[in-house]
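Structural features, examined
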Number of protein chains: 2
Amino acid sequence: MNDPRAGLEALIGPKSVAIIGASDDPGRIGGRPLRYLIKWGYEGPFYPVNPNRETVQGVKAYKSVKDIGQPIDCALIAVPAKFVLDTLEDCAACGVKSAIVFSSGFAEVGDEGTSAQDELTAFSKRTGVRLLGPNCLGILNFHSRFFATFSSTGDQGYPDPGPLAIISQSGAYGTHLFAVCKGRGLGVSHVITTGNECDVTVAECIDWAAERDDIKVICAYAEGVKDGPALIRALEKARQNNKPVIFLKVGQSEEGAAAAASHTASLAGADEIYDAVFRQLGVYRAETTEDMLDAAYACTAGIFPKAGKVGLVTISGGVGVQMADHAVKLGLDVAPMPADAQKLLKEKLPFASALNPVDTTAQFFNDLSLVGVNFDIMLEKGGYDSAVAFFTLAACSPYVVEPLLKELDAIRRKFPDRLLILSLVGDQEMVDTYSRAGYLIFEDPCRAIGAIAAVTRIGEGFQRPPINLIPDLPSPVDMPARALSEWDSREILKAAGLPVVDAVLCRSADEAAEATAKFGCPVALKINGAAFAHKTEIGGVMLGLETPQDAAAAYGEIMARAGRAMADAEVEGVIVAPMIAGGVEAILGVQIDPVFGPAVMFGLGGVFVEVFKDVSFRLAPFDKTEALRMIEETKGAKLLKGVRGKPAADIDALADALVNLSVFAAANADNLASVDLNPFVVLEEGKGAVALDALVVPKA
Amino acid sequence: MNDPRAGLEALIGPKSVAIIGASDDPGRIGGRPLRYLIKWGYEGPFYPVNPNRETVQGVKAYKSVKDIGQPIDCALIAVPAKFVLDTLEDCAACGVKSAIVFSSGFAEVGDEGTSAQDELTAFSKRTGVRLLGPNCLGILNFHSRFFATFSSTGDQGYPDPGPLAIISQSGAYGTHLFAVCKGRGLGVSHVITTGNECDVTVAECIDWAAERDDIKVICAYAEGVKDGPALIRALEKARQNNKPVIFLKVGQSEEGAAAAASHTASLAGADEIYDAVFRQLGVYRAETTEDMLDAAYACTAGIFPKAGKVGLVTISGGVGVQMADHAVKLGLDVAPMPADAQKLLKEKLPFASALNPVDTTAQFFNDLSLVGVNFDIMLEKGGYDSAVAFFTLAACSPYVVEPLLKELDAIRRKFPDRLLILSLVGDQEMVDTYSRAGYLIFEDPCRAIGAIAAVTRIGEGFQRPPINLIPDLPSPVDMPARALSEWDSREILKAAGLPVVDAVLCRSADEAAEATAKFGCPVALKINGAAFAHKTEIGGVMLGLETPQDAAAAYGEIMARAGRAMADAEVEGVIVAPMIAGGVEAILGVQIDPVFGPAVMFGLGGVFVEVFKDVSFRLAPFDKTEALRMIEETKGAKLLKGVRGKPAADIDALADALVNLSVFAAANADNLASVDLNPFVVLEEGKGAVALDALVVPKA
């Protein structure tokens, strides 16, 4: 039995290859991979298998894989679906370590295909033969010239290998990405397309790539993953190794999600959860192909800013504004230069506007030493983590290139950890001179800003401690395997350290009156019982009762209403709780995602959730730093900080509650379906926070 | 005295040119324009003026413009700022019709420069000599080879003229745009840079371009305009002529706006007002250079969809989802195919997923006649206004290009009004074959979607009736030239047809009691007087008074509080009004923009305005269709339609109020500073809407 990782190595970088179903017709699915191995000079031996021919495309053919008599690292399978399993059994019988199954007709065609695919999975588990696909476009390994695909990308010239790995569920998209990279001159080391993923997954390939020194940037594409923890482990390994991952996960809009579901056999987790995973793990989630490859290109510089303070230099005031607008939109910090730096810059470059953007006007290029002076002041005194210089045409004059490079090189040497991007347009030879000198070049200044934003997010991710740093989870609570009442829910959450409103569970009107007297303020009464999840609708809640007498009457009224609405439902008393005035209403929740497990949600109440869907998620458990980031991500965070003269809310208490909820969710994930704390009132700073209602739903 | 338009023609397309300050050094500001005229073969005669030389760059030179003795359409002025006015006087003296002032040192350098620039403006007004600049990069007219600039863009090759006009306040940005166009192979007819705009403005150049048959698309850039009505007239003319305008106006973020202000001598209007102007006039507001030129390129097809229903075809399911996500984000309608069309498509292309996106998989290309079948079904039965086909590499095989073009050409002939964009990547020669055949090509599928969204917005703008279709504005009201009380404000607005809450102005506690009894429900009491703009802060408002007795007491209390807080302020009684329960709180307002005049604002109350700044603006007056669009633009519109079981609000009544407010604002613009209706409660559908508070502020 193979070691799984050794099998994966044999799959991606095989030392020897069999092509089963090899065709003499170089245009057919069985003919193309052979043609490409020949054409591009694959470095190892390869053996076509075709029972009907002596040679295939001029290469000696074998009747069966069993006739080859040589060790085979990887078999390419291009036979109809119904023959795939027998072919693989033959492979296993003669020690083949891995196989790429190009054949379609599996899970993507429905139930029958799914059964056939399950047999492939079982085969792989039983034999240890690692399988890529089925229904995939194979692998391109540009180091070993292992061009194992039937995609027409093999007809479009051979690129120099480079630092990018492309790992894509979709074959069409993976090869498209590669074609775009090639057009851009962006070097790729491997393209791996995983198709239906009967065995090898995008997650496992990311894990593999995270360990490779010849891969500097990982571009991943998936419509959904089945094994969330495996993806998390892989992404976390990449992060620990400072290996940027740029992920395009489709299905954000309802229409998009519908299209994804109609296309793949994938189980797509809720999109918000993917967002949470990516944010937590420092993955840059790209929205478009351009976005992805701009970010990947910027990552090739190997400089990952620790924070988002960006300095802008421009010879056009208008473009300075464009860049500033775009940077702010993308969450970067266009901080003005410190006063002393502005003063100094004004002395040295009197014609420039010295704020940030620094608008040098075209006069900049009359004395190129000023370029060095300017950047020195900005990076030294301004402390910017990154910078974009919009030089456009002006830097592409043949008289400018050499002296400008001299200035910029000196700056780069002095500030090796600052990311600098040049925005240029002009003669390609001039632009290429800057590229060859190691500068990142974007024609469009706003795309340069986008790339800075992407690399900054990745850099910030690299700074953060390992995820799930909660050392010891508490033992799971003794969760009843039935619906819970509000009282039971609140007692469980209270025990888990969540602040819940003080309350008394009353069994009679007298007890209700007594509790009201004790609280000494207006109270709320609520029917309690596992069946009353929608208590408001049946009149089971009465608010603002001022006196014990009123409360006692309300007790009777609520019991009567409950009896009328749901005669058979077991009533477990009435909860009496003080009314809480003021504060900001929030919603806290837990959801057990089928792919990623327990996740915690935060949002502000009312229109924030209902109209703006302004919520953020994190996988549980997490620490307070992560809780604060989670709060900060919502637009509603502004309200918590106090708007229009209102006091700031107790964000600290809110963050503590989120952490405790995340620990509870993680500890009880196996027995839990969901939790809701709604409303969860965040009081004025220093006064804490309190859940006014709670619902814990155990796993059915 | 010139006719101004004839002067402008002489400026942009002169028949003869003088170069004043012409230098023999071809690299200097005075040398470059002459060099370019020579090098690129300007079609008319040109006369260098240099008092110190017989010839300049080999061309006979004149001591003064007055020595030329030939008619001059346009003089290029490259002399120091202090000599500009005298030079211009000489020009005027010998009948020069227009001049381009390259010289800097005017309004951009502060007060002294502003005075000098004002003299240029006065000169132009007095003499009729049209002036471009100062502090501009001149004009490139690719038809007449009038290359009147000192930008180094003149050193980078001469492009074929094309359908785009670039009109830019900023010279650096205008020439950058042109350089990017050239790199993309996007043909430009004119580049006009207006600089400090002492006379000729971006608005006037748009007006000019809107009438030119050789200009199909107008790309405009400005940091701010000074004459709003002129811009509106120009944009409206362009729209009436179905001439798309794509506008990049910078200064959206606070940081961006700060940079704009530090750079130009422009008076930047509030950015939201520009947004309103552009939306009202069907202008596509680009956010980045790439966005602008993608839109411009797409406009060159001359097909402007009437609506936003987009059909997506893809050979990669994943890219289908990407495109769908992006389309939804940009407000396009990714409507599914009708059921019968899906059925038919499934019959013809059994391998395809037939929803929308239609995922044909790569099998599509095994029988290219299916491409025609597919588009025929989608466009005929699906009724899509536009379509994007993601064919990537697959369409760039040499075997595919010809037969695929045949299929696509047939579709194009059958559906000439539908915009089709192809997303391709591959061998440039193959891609160019599609371009030459007249297809729009984008490598990136999401940029193709962005272009569809831009052209759709423009197409929708072309459909709309002329703006300001309110036939007769009422006479202005007799507006007192002093601060108004709430009561005076509400009476004015009531007379203008705005719904205000029923109320009584009471002068005694008895009157307050009487009014309360009359209303027969809880009432609010509010101090009334011109000085009490912030009445809540001084305790001048009491709410929820249930009985006449309570109201009478409240009257006394409010009067006492007002006396304590503002002893000298004139009290004009207390307003008694019924409390209004339910409904959705909105804010309506009028602002007189210094550039564009009266504008109406709409937003929902509370966090919508305070946290999300979720408001929309329109220039006044406007009709109900525009009012409804204005409401629809806000995110809060969802709340008006009813969320989570709440009833829909009376959007019709809200729209009527906005129209009436716009008519009032337009009729009284000269005497008005601002209006606020806040809160303005929109009641349940059919029950109208009502302003609970009103403030009219006359012009000081």
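Our subject is the structure that appears above.
Owing to the predicted nature of the structure, the values given are computational and were not obtained by experimental measurement.

1. What about helix H18 (residues 509–519) of chain A?
All names here are of chain A. When we look at burial in H18, the residues that qualify are Ala-512, Ala-513, Ala-515, Thr-516 and Phe-519. In an axial view of H18, the angular spread of the buried residues amounts to 165°, which keeps them on one side of the axis. Exposed side chains of H18 directed beyond 90 degrees from the buried face belong to Asp-510, Glu-514, Ala-517 and Lys-518. Here the buried face of H18 lies against strand S20 (504–506), strand S21 (523–527), helix H19 (548–565) and strand S23 (574–578). Of the residues flanking the end of H18, it is Gly-520, one or two places downstream, whose phi is positive at about 65°.

2. Focus: the pattern of salt bridges
Oppositely charged side chains may form a pair once their charged atoms are brought near each other. Summed over the entire model, instances satisfying the criterion amount to 86 salt bridges over all chains. Ionic pairing is found between A:Arg53 and A:Asp24, a salt bridge with its closest N-O pair at 3.2 Å. Of this pair, A:Arg53 sits in the loop between strand S2 (46–49) and strand S3 (55–56) while A:Asp24 is found in the loop between strand S1 (17–20) and helix H2 (32–39), placing the two residues 29 residues apart along the sequence. Given the relative accessible area of 35%, A:Arg53 is considered partly exposed. Residue A:Asp24 is classed as partly exposed on the basis of its relative accessible area, which comes to 31%. Look at the salt bridges and you will find they share partners, linking A:Arg184, A:Glu290, A:Asp294, A:Arg447, B:Arg184, B:Glu290, B:Asp294 and B:Arg447 into a network.

3. Some words on the packing of helix H18 (residues 509–519) of chain B against helix H19 (residues 548–565) of chain B
Residue and element names in this part refer to chain B. Here H18 crosses H19 at 145°, and the two axes come no closer than 8 Å. When the axes of H18 and H19 are compared, the crossing they make is right-handed. Of the residues in H19, those touching H18 at Ala-509, Ala-512, Ala-513, Thr-516 and Ala-517 are Pro-548, Ala-551, Ala-552 and Tyr-555.

4. Thoughts on the side chain of A:Ser16
Residues and elements named next belong to chain A. Along the polypeptide, Ser-16 turns up in the loop between helix H1 (4–12) and S1. A distance of 2.8 Å separates the side chain of Ser-16 from the backbone oxygen of Pro-71, its partner in a polar contact. Of note is the side chain of Ser-16, whose polar atom sits 3.1 Å from the backbone nitrogen of Asp-73. When neighbours within four sequence positions are excluded, Ser-16 is seen to be in contact with Tyr-42, Pro-45, Tyr-47, Pro-71, Ile-72, Asp-73 and Cys-74.

5. Quick notes on the interface of chain B and chain A
Each partner contributes to the interface: chain B provides 69 residues, whereas chain A provides 69 residues. Between chain B and chain A lies a buried interface of about 5,300 Å² when both sides are counted; carbon and sulfur atoms form 61% of it. When the area that chain B buries against chain A is broken down by residue, the three leading residues are B:Leu393, B:Glu610 and B:Phe612, summing to 12%. Our count for the contact surface shared by chain B and chain A stands at four salt bridges. A salt bridge links A:Glu287 to B:Lys329; its shortest N-O distance comes to 2.5 Å. Across the contact surface, chain B and chain A share twelve residue pairs in polar contact (both at pLDDT 80 or more). Those elements that provide at least two residues to the side of chain B that touches chain A are helix H5 (171–184), helix H8 (254–263), helix H10 (289–299), helix H11 (317–329), helix H16 (445–463), helix H20 (607–610) and helix H22 (637–640) of chain B. With ten residues, the single largest contributor to the side of chain B that touches chain A is H11(B). Partitioned by chemical class, the residues of the side of chain B that touches chain A number 28 nonpolar, 23 polar and 18 charged.

6. Re the sheet that holds strand S9 (residues 146–148) of chain B
Residues and elements named next belong to chain B. Strand order in the open sheet formed by seven strands is S9-S8-S11-S10-S12-S13-S14, with mixed pairing between adjacent strands. Because the sheet does not close on itself, it has two edges, and the strands there are S9 and strand S14 (284–285). With three bridges joining them, strand S8 (residues 139–141) and S9 adopt antiparallel strand pairing. When the sheet's bridge partners are listed, Leu-140 is paired in S9 with Phe-147.

7. Things to note about empty space enclosed by the protein
Residues and elements named next belong to chain B. All chains considered together, the criterion is met by eight cavities of 30 Å³ or more. There is about 140 Å³ of room inside the largest cavity. In terms of lining residues, the largest cavity is bounded by 13 residues, among which Pro-465, Pro-466, Ile-467, Asp-623 and Glu-626 are the most central.

Quick notes on the rules
- Residues numbered from 1 in each chain as written.
- Chains lettered and ligands numbered in written order.
- Predicted model: local features only at pLDDT ≥ 70, side-chain atom pairs only at ≥ 80, totals over all residues.
- Heavy atoms only, no water.
- Buried < 20%, exposed > 50% of the residue type's maximum accessible area, 1.4 Å probe, protein only.
- Helix = DSSP H or I, 4+ residues; strand = E, 2+ residues; numbered from the N terminus.
- Arc of directions from axis to C-beta.
- Contact = heavy atoms within 4.5 Å.
- Salt bridge = Lys/Arg side-chain N within 4 Å of Asp/Glu carboxyl O.
- Axes fitted to C-alpha atoms, helices over the stretch in contact; angles between N-to-C directions.
- Left-handed = near helix turned anticlockwise from the far one by under 90°.
- Polar contact = N/O pair within 3.5 Å; in protein donor to acceptor, adjacent residues only side chain to side chain.
- Buried area = accessible area lost by both parts, 1.4 Å probe.
- Nonpolar A, V, L, I, M, F, W, Y, C, P; charged D, E, K, R; others polar.
- Pairing = 2+ DSSP bridges.
- 1 Å grid on protein atoms, 1.4 Å probe; cavity = no way out; pocket = protein on both sides within 12 Å on 5 of 7 lines; lining within 4 Å.
- Points joined across faces, edges and corners; volume = space filled by probe spheres on them.

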